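# Commentary on secondary and tertiary structure
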Amino acid sequence: MSVGAPRSLASSGQKPIAEILHPLSAAEEQLSVTVGGDKEAGLTNGTPVETSSPASTSSLLNRLQLDDDLEADIRDPYAEAAETRDLFVTVDDPKKHVSTMETYITYRVSTKTSRVEFDLPEYCVRRRYQDFDWLRIKLEDSQPTHLIPPLPEKFVMKGVVDRFSEDFVETRMKALDKFLKRVADHPVLSFNPHLNTFLTTKDLNKRQGLALLSKVGESVKHVAGGYKLRARPAEFGAMGEYLDTFNQKLGTIDRIAQRILKEQSEYLTELREYGTVYSSWAGSEDELRRPLEGVGGCVTTCCGALEDLGDGMSQDILPVLREYVLYIESMKSVLRKRDQSQAEYEGRLEAAVLRKQEDRTPMPLEVEKCQDKVECFNADLKADWERWQSNKRHDFKQLLTGMADKNINHYEKCQAAWESLITLLQDKQTEDKTSETN
Amino acid sequence: QPGAELSPRELSLRFLPMLCGVTAQMLEEGSTLLRRMEICVAEAEKRNGKNTVNMQETFTVYLVETRPMDAVAEGRNQAPDSLWRRYSEFELLRNYLLVTYPYIVVPPLPEKRAEFVWHKLSADNMDPDFVERRRVGLENFLLRVASHPVLSNDKILHHFLIEEHGWKEVVYETGFQAKADSRLRALSATFRVRNPDKRFMEMKHYSDELQSHTSQLLRARARVADRLYGVYKVHGNYGRVFSEWSAMEKEMGDGLQSAGHHMDAYAASIDDILEEEEHYADQLKEYLFYAEALRAVCRKHELTQFEFEMASQELVSKKQQHEELSTGIVRTFSFKGMTNKLFGQEAPEQREARLKLLEDLIAEGEEDVQEKTVECGEHVERAWVDMHRFKEQKDKDLREALINYAVMQISMCKKGIQMWSNAKECFLKM
C-alpha cells in the first residue's frame, strides 16, 4: 500500500489525509510518528483526538476522498474491504453457565489480526451479552460522532421467549457476530481501545462498574444541552426522511413475511392431512397400493421441505429484518446528536456574537471548539452514512438472495421427490408390460 | 406466458386419454361403437325455454357430434352429424342403461351441481368453467359407453347419438321405468338376504371404501388448494412494497423493481396451476361416482339372490303344506292344523280341491324358482365379468391419473424455481 493513496482509511481526525499512514504500511514510520510526534492521547492510528487546527480542510479532503472512492469502486465495497482487512473477529460456540446467582450464556470471541495495536496475532475469550453491551456503551461515549452498530434486543420477556432455547441463542449469537464484525470493519471504531480490551482481556468484569457511570454522564450531557436547532442542512434532513420511510417499508416487509409464514403453516396442516388420505386409501387397494403410497410419501416429503422453509425464514430472515430496525434507530439517534451539537454551536455563537458587539472580546475558544465539533460530526456522519448505505445494500442483497435460495431449495426438494416417484411408477409399468407380453 | 391459451377442444383432447382411458388397443378389441364412429361433445350453449311446469328457465345444451370412422380414416373432411342434448337427456339415457343392464357397472355422468369447491371456484352451474368441465365430462361418458363391449350395442344409445327429436318418446316406449326395482324392495333385500355370493359382498364393501376414500381425498385436496392459493397471493404484496421501496433507492432501485415484478408473476401463476389440478379432481370424481355404480351391481345381486331365496322358500312351504294335507301328519304348527284338530277335518271334496290347488301352485313355484335361479345365475356371471373389466380399467385410469398428478406437481415446482431464480438474479444486481 502506497502512502499517497490510503483507501480503507477515512479519518475522523484533524490531520490532513496525506499525513496519516495506513496501519500496515512501514511500521517504523508508524512508530516514529507516535514516538516523535504529538504526545497527546490519541487513537492508535496516530490521529489525535482533539486539536486546535481547523478541521475544514482535512474533512473536506475526507469527503472528496470518499466520493472518489465511491466513484472508483463500482465493484462491491465489501470485496474491497475484504482485501485490506487485517482484523478478523468471530462470535460462536455458545455455552450455558450455571452459578448460584444466575444462569447465563457466554460466547466465544475469536480474533485474528496483524495489527500492531494487538500484542498477539490471535485471541480467544469468552463474553456474555452484558459485555457486548458494555462495549457498545463505551464506543458510543468515546466516538459520539460515529454510528455504532446496534445490538440485538437486550430484554426478553421471561415466559414469552425461552432465553436458553437453541433458536433464540443461535439468532442472538448471529446478531452479536454481525455487530462485532461491523465494528471491526469500521476504519475508526476498529481502532478504539475499548474494542481492543474487549477482544483481548480475559476477565472483563472489573470494567463493568464504569459502564453505569458513563451512561449517566451521557444523559446528563444531553439534558444540559437543550439548544434549539435553527436550520438543519438539507442533506441531513433527507437522511432523516429516508430513515423514516425505510423503517416503514421494513415494517411492511416484516408483516408480509409473517403473513406468508402463517399461510404456509396453515397450508402445511392441510397438506399433512391430505397425505394421510392417500396412505389410508392405499390400504384398500392392491394394484393401486404402490402408486397411492408413493403419492402419499411424496406429499409427506413436501411437508418436510415446507417445514424447513418456514424454519429457515423465521430463523434467518425475520431476525435480520428486525435487527435493521434497530440499526435505523441507532442512525436516527446519531442524527439527533448531530442536530444537538449544531444547535449548541449556533446557540453559543449567537451568545458570543451578542457579547462581542457589547465588549469587543475575540471569538471565544469554546465557540471555535463547537464549530470544529459540528464540522467533524458532519463529516463523520456523512462517511458513516455512506458506509451504512453500502452495508444496507450488501445486507439486503444477502438477505433477499438468501430468501430466494431457500424457496428454490424447497421446490428442488419437492421436484426431486415427485420425479423419483414417476421413475418408480414408470419402471413398474414397463415391468408389467414385458411380463404381459411374455 | 406459459404456453398459448388452449381452446376448450384442445384442452379436452389433451386430457381425453387420461379421462376415458380409451386406447388403440381397446378399439381393436371387440367391435365397439367407438371403432365405427367418432363421437364428441363439441360445444355448449345457453338456451331459454319453458320447463315442465311451464315456467321460463335458462339451461345449457351440448352439441353431440358424430362422424363415421371410415370417413375419418380416409381423411375425408366430412362435416359431422350433430344434435343438441340437455343434461337431463343424458340422465335419462343413463337411467335407461342402469335398468336395462343391471349387471354392468354403468359409467357415471359428471356431477349435476359443483361440489368440493374451493373458495375461488364458482358453485354456479352457469359458470363457464363449470360448463366447460361438464362438457368434457359428458363427452367422456359417451366415449366410455360407446367403447363398452355390451353397452355400445344398445339401440337407444345409437338413437341418442343420431336422432335429435322424438328420442325421449322412444326411450319411454321401452317401458324401462316399469322394470326399475323399487328402492324399498332393494333395501329390504340387502337386509334379509341369507346367502349372497361372497365375492359380491367383498366387492360391495370395496365400493364403500372407494367412495369414502375418493370423497375424503377430494375434500382434502380442495382445502389444500384453498391454502396454497393464499400462500401464493400474499407474495404479490412483496411486488408492491419492493416497487415502493425501489423508488427511494439509487443503486438498489432497478434490482428491487424487477424482483417485484417477478413476485407479482409468482403470485399470478397459481391460477393456472390450480385450474389444471381441477382436471385431476374431475378424474377422482368420476371414480367417486363409479363406486356408486359398482355398489348398484352388487345390490342387484342381493336382490336377485333374495328373490331366488324367497321363491325357494315359498316352494318349500307349499310342498310342506301339500305333504301335511295328503298324509295328515302335521310337522309344524299351523292354524289350519289347529282348527282341524279343534273343529274336525274338512270334507273330502274340499281337501281334494285344496290338494289340486297346491299342486298347481307347486308347479308354478318350481317354474318360478327355475326362472329366479337363471336370473340370479346370469346376473352373477355377467356382473362378474364386468366387475373384473371395471377393476382393470380403474387400476389403469387411476394409476395414470396419479402419474399425471405427479407431472403437474413437477411442473409447479419448475415454475416456482424459475420465478425465484429470476427474482434472485434481480436481487444479485441490487
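Residues numbered from 1 in each chain as written. Chains lettered and ligands numbered in written order. Predicted model: local features only at pLDDT ≥ 70, side-chain atom pairs only at ≥ 80, totals over all residues. Heavy atoms only, no water.

Each helix and strand counted, chain A has ten helices and three strands in total. Its helices and strands in sequence order give chain A the pattern α-α-α-β-β-β-α-α-α-α-α-α-α, from N to C terminus. Split into buried and exposed, the 438 residues of chain A put 46% on the buried side. Across chain A, contacts joining residues at least 24 apart in sequence account for 75% of those joining residues at least 6 apart. Here chain A has roughly 22,600 Å² of accessible surface; of this, 54% comes from carbon and sulfur atoms. (Helix = DSSP H or I, 4+ residues; strand = E, 2+ residues; numbered from the N terminus. Buried < 20%, exposed > 50% of the residue type's maximum accessible area, 1.4 Å probe, protein only. Contact = heavy atoms within 4.5 Å. Areas by Shrake-Rupley, 256 points an atom, 1.4 Å probe, with all protein chains shown as cover.)

Before going further, it helps to spend a moment on the environment of Gly294(A). Residue and element names in this part refer to chain A. With respect to the element layout, Gly294 can be found in helix α9 (residues 289-359). Residue Gly294 is classed as buried on the basis of its relative accessible area, which comes to 15%. Separated by 52 residues in the primary sequence, Gly294 and Tyr242 place their C-alpha atoms 53 Å from one another.

Residues and elements named next belong to chain A. Summed over the entire model, instances satisfying the criterion amount to 33 aromatic pairs over all chains. Judged by centre distance (6.2 Å) and plane angle (55°), the rings of Phe118 and Tyr123 are tilted. By relative accessible area, which is 6% here, Phe118 ends up buried. Residue class for Tyr123 comes out buried when judged on its relative accessible area of 13%. (Phe/Tyr/Trp six-rings, centres within 6.5 Å; stacked < 30°, edge-to-face > 60°.)

Residue and element names in this part refer to chain B. Applying the stated criterion across every chain yields a total of 63 salt bridges over all chains. One salt bridge connects Arg133 with Asp282, and the closest N-O pair in it is separated by 2.9 Å. Residue Arg133 is located in helix α6 (residues 128-146), and its partner Asp282 is located in helix α13 (residues 253-327); the two are separated by 149 residues in the primary sequence. For the residue pair Arg133 and Asp282, the accessibility class agrees, reading buried in each case. Overlapping salt bridges bring together Glu111, Arg133, Arg221, Glu277, Glu278, Asp282 and Lys285 as one network. (Salt bridge = Lys/Arg side-chain N within 4 Å of Asp/Glu carboxyl O.)

Here we take up the interface of chain A and chain B. In this assembly, 54 residues from chain A lie in contact with 55 residues from chain B. In this assembly, chain A packs against chain B so that about 5,400 Å² is buried in total across both faces, 73% of it on carbon and sulfur atoms. The largest per-residue losses of area from chain A upon contact with chain B belong to Tyr274(A), Trp281(A) and Tyr411(A), which jointly make up 13% of the total buried on that side. The shortest N-O distance in the salt bridge between Glu266(A) and Arg227(B) comes to 2.6 Å. Inspection of the chain A/chain B interface yields 17 residue pairs in polar contact (both at pLDDT 80 or more). Elements with a minimum of two residues in the side of chain A that touches chain B: α8 (234-282), α9 and α10 (365-437) of chain A. (Buried area = accessible area lost by both parts, 1.4 Å probe. Polar contact = N/O pair within 3.5 Å; in protein donor to acceptor, adjacent residues only side chain to side chain.)

Residue and element names in this part refer to chain B. Listed as buried for helix α10 (residues 183-192) are Ala186, Ala189 and Thr190. Summarising the axial view, the buried residues of α10 lie within an arc of 100°, below the 170-degree limit, and thus occupy one face. More than 90 degrees from the buried face of α10, the exposed residues found are Leu184 and Phe191. As for α10, its buried residues are in contact with α11 (198-234) and α13. (Arc of directions from axis to C-beta.)

All names here are of chain B. Residues with a pLDDT of 70 or more make up 86% of chain B, whose mean pLDDT is 85. Note that residues 15-30 has pLDDT below 50 and, in this model, 31 contacts with residues that lie over four places away or in other chains. ipTM for the predicted complex: 0.84, alongside a pTM of 0.77. (pLDDT = per-residue confidence, 0-100.)

Moving on, we get to the nonpolar core. With 151 residues, the main nonpolar core has Trp388(A) and Phe242(B) as its most contacted residues. The dominant element in this core, judged by the number of residues it contributes, is helix α15 (residues 348-428) of chain B, at 21 residues. Residues within four places of Trp388(A) in sequence aside, it is in contact with Leu147(A), Tyr242(A), Leu243(A), Phe246(A), Tyr324(A), Tyr327(A), Ile328(A) and Met331(A). Listed in part, the 28 residues of the second largest apolar core include Val91(A), Leu135(A), Phe179(A) and Leu180(A). (Core = buried A, V, L, I, M, F, W, Y, C linked by side-chain atoms within 4.5 Å.)

Moving on to empty space enclosed by the protein. Per the stated rule, a full pass over the model turns up twelve cavities of 30 Å³ or more. Approximately 310 Å³ is the volume attributed to the largest cavity. Tyr267(A), Leu271(A), His410(A), Leu228(B) and Met412(B) are, among the 27 residues lining the largest cavity, the residues nearest its centre. Of all elements in the fold, only α8, α9 and α10 of chain A together with α11, α13 and α15 of chain B reach the threshold of two or more residues within the lining of the largest cavity. It is α11(B) that provides the largest number of residues to the lining of the largest cavity, a total of six residues. Among the residues making up the lining of the largest cavity, the classes are represented as 20 nonpolar, five polar and two charged. Of the voids in this model, the second largest cavity is the one considered here, and its volume is about 250 Å³. (1 Å grid on protein atoms, 1.4 Å probe; cavity = no way out; pocket = protein on both sides within 12 Å on 5 of 7 lines; lining within 4 Å. Points joined across faces, edges and corners; volume = space filled by probe spheres on them. Nonpolar A, V, L, I, M, F, W, Y, C, P; charged D, E, K, R; others polar.)

Moving on, we get to the sheet that holds strand β3 (residues 122-128) of chain A. Either a parallel or an antiparallel arrangement is found when strands of a sheet pair, and the pairing is made through backbone hydrogen bonds. Residue and element names in this part refer to chain A. A sheet is described by the order of its strands in space; here three strands give the open sequence β1-β2-β3, paired in antiparallel fashion. Two strands in the sheet have a free side with no partner beyond their single neighbour: β1 (87-98) and β3. The sheet shows a mean angle of 20° between the axes of neighbouring strands, direction not considered. Judged from the seven bridges that link them, strand β2 (residues 103-113) and β3 form a sheet pairing that is antiparallel. In the sheet register, Val109 faces β3, and the bridge partner there is Val125. Contacts between helix α4 (residues 129-142) and the sheet are confined to β1, β2 and β3, with β3 contributing the most and set at about 105° to the helix. Each of β1, β2 and β3 touches helix α6 (residues 193-200); the most contacted strand, β3, lies at about 90° to it. (Pairing = 2+ DSSP bridges. Axes fitted to C-alpha atoms, helices over the stretch in contact; angles between N-to-C directions.)

The next thing to look at is the sheet that holds strand β3 (residues 81-86) of chain B. All names here are of chain B. The antiparallel open sheet is built from three strands, whose spatial order is β1-β2-β3. Each of the sheet's edge strands pairs with one partner strand only, and the pair in question is β1 (37-50) and β3. Pairwise comparison of adjacent strand axes, ignoring direction, gives a mean angle of 25° for this sheet. In this structure, strand β2 (residues 56-68) lies alongside β3, joined through six bridges in antiparallel fashion. Note on β3: the bridge partner recorded for Thr66 is Asp81. Each of β2 and β3 is contacted by helix α5 (residues 87-100), which is oriented at about 90° to β3, the strand it contacts most. In this fold helix α7 (residues 155-162) packs onto β1, β2 and β3, with an angle of close to 105° to the strand it touches most, β3.

All names here are of chain B. Where β1 lies against β2, 13 bridges are found, and the strand directions are antiparallel. From the neighbouring strand, Met37 faces β2, where its bridge partner is Pro68. In sequence, β1 turns back onto β2 through a hairpin of five residues, with Asn54 there showing a positive phi of about 65°.

Once that is clear, we can look at the pairing of β1(A). All names here are of chain A. Of the pairings in the sheet, the one linking β1 to β2 comprises ten bridges and is antiparallel in character. From the neighbouring strand, Phe88 faces β2, where its bridge partner is Lys112. Counting the residues between successive antiparallel strands, the hairpin from β1 to β2 contains four residues.

Along an α-helix, a turn takes 3.6 residues, which lines up residues three or four apart on a common side. A rise of 1.5 Å per residue sets the reference length of α5(B), with its 14 residues, at 20 Å; its end C-alpha atoms lie 20 Å apart and thus fit the reference within 8%. Taken together, the buried positions of α5(B) are occupied by Tyr87(B), Glu89(B), Phe90(B), Leu92(B), Leu93(B), Arg94(B), Tyr96(B) and Leu97(B). (Expected span 1.5 Å × (residues − 1).)

Now for a negative patch on the surface. On the surface, Glu364(B), Glu367(B), Glu371(B) and Glu375(B) cluster together to form a negatively charged patch. Assessed through its relative accessible area of 53%, Glu364(B) is described here as exposed. (Patch = residues over 30% accessible without salt bridge, like charges linked within 9 Å, V, L, I, M, F, W, Y side chains within 5 Å. Lys, Arg positive; Asp, Glu negative; His and termini not counted. Charge placed at Lys NZ, Arg CZ, Asp CG, Glu CD.)

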